[in-house]
Amino acid sequence: MKTIIGKIAHIEGGFHVAAANLNPVMHLIEQRMGLTDLVSGTLNVWIPEEYVVIARAVITPEEYGLNETVKLQRCLVEGYKGIIMRPDTHETIPGYGHGKDHLELIGRIRFREALRLRDGDTINVEVEGDDAWWDSGS
């Protein structure tokens, strides 16, 4: 298990538009990650180190429809269950996406509103350890 200390990134309106593109495959994400009732909208976090998401589940280009693979990793965001999402383009295409130090988080709640987060606030993201740890989360 690893804890990432990140800062909330500024995105117009507080959310990235990527979540809207995932709506058609949200049921696949929920099924593969064992987390249901995910809300549309992501929390964008910048971290001060390179971090590669472990692809515990993926949405393939064929399923996603935007010609890229989306990596998914379960996590806890300040104690709430969530999913780290990272499209391959964030890592592999220079000048496209936000780079390796950028994570997008999605969960059952809108983290920004529920946690009263503002741009630049720090946040703890705990990456999945094991099922017992996951089951202990909110």
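Keep in mind it's a predicted model, so treat the numbers as computed, not measured.

Conventions and cut-offs
- Residues numbered from 1 in each chain as written.
- Predicted model: local features only at pLDDT ≥ 70, side-chain atom pairs only at ≥ 80, totals over all residues.
- Heavy atoms only, no water.
- Helix = DSSP H or I, 4+ residues; strand = E, 2+ residues; numbered from the N terminus.
- Areas by Shrake-Rupley, 256 points an atom, 1.4 Å probe, with all protein chains shown as cover.
- Buried < 20%, exposed > 50% of the residue type's maximum accessible area, 1.4 Å probe, protein only.
- Pairing = 2+ DSSP bridges.
- Core = buried A, V, L, I, M, F, W, Y, C linked by side-chain atoms within 4.5 Å.
- Contact = heavy atoms within 4.5 Å.
- Salt bridge = Lys/Arg side-chain N within 4 Å of Asp/Glu carboxyl O.

**Student:** What is the right way to look at the overall build of the chain in this model?
**Tutor:** Counting its secondary structure elements, the chain contains six helices and seven strands. Secondary structure elements of the chain occur, N-terminal to C-terminal, as β-α-α-β-β-α-β-β-α-β-α-β-α. Accessible area of the chain: about 7000 Å², with a carbon and sulfur share of 50%.

**Student:** Even after reading the chapter, I still don't get the pairing of strand E7 (residues 122-127), so can you show me in this structure?
**Tutor:** Each regular strand shows side chains that alternate between the opposite faces of the sheet. Residues Ile 123, Val 125 and Val 127 of E7 are buried on one face, while the alternating residues Thr 122, Asn 124 and Glu 126, pointing to the opposite face, are not. Direction of pairing for strand E4 (residues 70-77) relative to E7: antiparallel, over a ladder of three bridges. Following the sheet pairing, Cys 75 is matched in E7 by Val 127.

**Student:** Would you mind showing me how to read the nonpolar core here?
**Tutor:** One broad trend across soluble globular proteins is that nonpolar side chains are buried collectively. Core analysis: the largest hydrophobic core is formed by 19 residues, its most contacted members being Leu 22, Ile 29, Ile 59, Val 70, Leu 72, Ile 83 and Met 85. Residue assignment for this core shows that the elements contributing at least two residues are helix H2 (26-33), strand E3 (57-59), E4, strand E5 (80-87) and helix H6 (131-135). Top contributing element to this core by residue count: H2, with four residues. Among residues more than four places away in sequence, those in contact with Ile 59 are Val 25, Leu 28, Ile 29, Arg 32, Tyr 64, Glu 68, Thr 69, Val 70 and Leu 72. Listed in part, the 17 residues of the second largest apolar core include Val 77, Leu 103, Leu 105 and Leu 117.

**Student:** It is not clear to me how the pattern of salt bridges should be interpreted in this structure. Could you clarify?
**Tutor:** When their charged atoms lie close together, side chains carrying opposite charge are able to pair. A full pass over the atoms with the stated rule returns two salt bridges. In this structure, the salt-bridge partner of Glu 63 is Arg 32, at a minimum N-O distance of 2.6 Å. Of this pair, Glu 63 sits in helix H3 (residues 61-64) while Arg 32 sits in helix H2, placing them 31 residues apart in sequence. A salt bridge links Asp 119 to Arg 112; the nearest nitrogen and oxygen atoms lie 2.8 Å apart. Assessed through its relative accessible area of 13%, Arg 112 is described here as buried.

**Student:** Before we go on, may I ask you to explain H2 in this structure?
**Tutor:** Because the α-helix completes a turn every 3.6 residues, residues three or four places apart line up on one side. Of all the positions in H2, only Met 26, Leu 28, Ile 29, Glu 30 and Met 33 are classed as buried. Two residues or fewer past H2, Gly 34 is found with a positive phi of approximately 70°.

**Student:** Sorry if this is basic, but what is going on with the pairing of strand E6 (residues 102-107) here?
**Tutor:** Judged by how many residues are buried, E6 sits mostly within the fold: six of six residues are covered. The alternating pattern of E6 places His 102, Glu 104 and Ile 106 on one face and Leu 103, Leu 105 and Gly 107 on the opposite face, and all of these are buried. Two elements, strand E2 (residues 43-46) and E6, share four bridges in a ladder whose sense is antiparallel. Bridge pairing in E6 places Leu 43 opposite Leu 105. As judged from the four bridges shared by E5 and E6, these two strands associate in the antiparallel manner. Pairing of Met 85 across the sheet is with Glu 104, part of E6.

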